[in-house]
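What follows is each chain in one-letter form.
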Amino acid sequence: VNYEAIVAPSNSIGIMDGGLDLAIVEKYGPLVQRQVNYKIERLLYKEVLVGQSIPIIIEKAVILLTPTMRAPEALPKDSVNAYLAMRAALIEARYLGVKSVAVSGLCTGIGQMSCDQSARQMFSAFVDFVFENRKKTVSEFTDQHYRLTT
């Protein structure tokens with residue numbers, strides 16, 4: 001698969017010691033974790049929030065550190081973290097001029113979100129990113145939020 005960037009679905013403090021995060025570190029080397037630590041240490045509150053994404057650039061690799069949870073744990077059933085993470089990764093990719101992004105099922109590992117719910121949230125984030133360039137009404141926003149959590 002060819003891609004310009006890959007999403008690292010980490011936690012807010014950037015620990016990359018399991019799942020896809022670990023595979024990314026193994027593929028690109030320990031410099032990835034060092035760069036993550038370096039960037040997070042320079043943030044005002046020392047964490048990347050769910051709904052944010054920061055680029056880690058190692059030689060020609062673009063890794064989008066995109067937390068799906070603040071701390072490693074099972075997410076509540078009404079979590080919208082997959083939506084927030086997907087949207088953040090797409091926004092950061094656009095900002096960087098990246099045209100293709102590899103992304104796994106978000107929140108489906110430690111977060112224990114069902115694959116169906118994750119896919120619905122990720123698709124909704126993609127649709128909003130591509131087609132929705134207007135502010136939603138309160139009714140549209142709450143209807144979408146309800147659909148994301150059920």
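Summarised in this report is the structure supplied together with it. (Residues numbered from 1 in each chain as written. Predicted model: local features only at pLDDT ≥ 70, side-chain atom pairs only at ≥ 80, totals over all residues. Heavy atoms only, no water.)

### Some details on helix 5 (residues 138–149)
Compared with the 16 Å implied by 1.5 Å per residue over twelve residues, the 17 Å span of helix 5 between its first and last C-alpha is a close match. Taken as a whole, helix 5 has its buried residues at Gln144, Leu148 and Thr149. Buried residues of helix 5 fall within an arc of 125° about the axis and therefore sit on the same side. Facing away from the buried surface of helix 5 by more than 90 degrees, the exposed residues are Tyr146 and Arg147. (Helix = DSSP H or I, 4+ residues; strand = E, 2+ residues; numbered from the N terminus. Expected span 1.5 Å × (residues − 1). Buried < 20%, exposed > 50% of the residue type's maximum accessible area, 1.4 Å probe, protein only. Arc of directions from axis to C-beta.)

### Considering the side chain of Ser79
Among the structural elements, Ser79 can be located in the loop between strand 3 (61–65) and helix 3 (81–96). Exposure remark for Ser79: the relative accessible area of 6% places this residue in the buried category. A polar atom in the side chain of Ser79 sits 3.0 Å from the backbone nitrogen of Asn81. In contact with Ser79, not counting residues within four places along its chain, are Met113, Gln117, Gln121, Leu148 and Thr149. (Polar contact = N/O pair within 3.5 Å; in protein donor to acceptor, adjacent residues only side chain to side chain. Contact = heavy atoms within 4.5 Å.)

### Things to note about the nonpolar core
Counting 22 residues, the largest nonpolar core has Leu64, Ala82, Met86, Leu106 and Cys107 as the members making the most contacts within it. For this core, the element with the highest residue contribution is helix 3, accounting for seven residues. The contacts of Ala82, once residues within four sequence positions are left out, are Leu106, Cys107, Met113, Ser118, Gln121 and Met122. In terms of nonpolar packing, the next biggest core, distinct from the first, is built from 15 residues, Val25, Val32, Ile40 and Ile56 among them. (Core = buried A, V, L, I, M, F, W, Y, C linked by side-chain atoms within 4.5 Å.)

### Here's the deal with the pattern of salt bridges
This structure, assessed with the given rule, holds two salt bridges. Between Arg70 and Glu47 there is a salt bridge, and its shortest N-O distance comes to 2.8 Å. Note that Arg70 is positioned in the loop between strand 3 and helix 3 and Glu47 in the loop between helix 2 (31–41) and strand 2 (54–58), a separation of 23 residues in sequence. Assessed through its relative accessible area of 16%, Glu47 is described here as buried. (Salt bridge = Lys/Arg side-chain N within 4 Å of Asp/Glu carboxyl O.)

### Brief notes about the packing of helix 3 against helix 4 (residues 115–131)
One can describe the packing of helix 3 onto helix 4 by two numbers: an axis separation of 8 Å at closest approach and a directional angle of 35°. Crossing hand, helix 3 versus helix 4: right-handed. Contacts between helix 3 and helix 4 involve Asn81, Ala82, Tyr83, Met86, Arg87, Leu90, Ile91 and Arg94 from the first element and Ser118, Gln121, Met122, Ser124, Ala125, Phe126, Asp128 and Phe129 from the second. Split by residue class, the contact of helix 3 with helix 4 holds nine nonpolar, four polar and three charged. (Axes fitted to C-alpha atoms, helices over the stretch in contact; angles between N-to-C directions. Left-handed = near helix turned anticlockwise from the far one by under 90°. Nonpolar A, V, L, I, M, F, W, Y, C, P; charged D, E, K, R; others polar.)

Just geometry here; none of it tells us what the structure is for.
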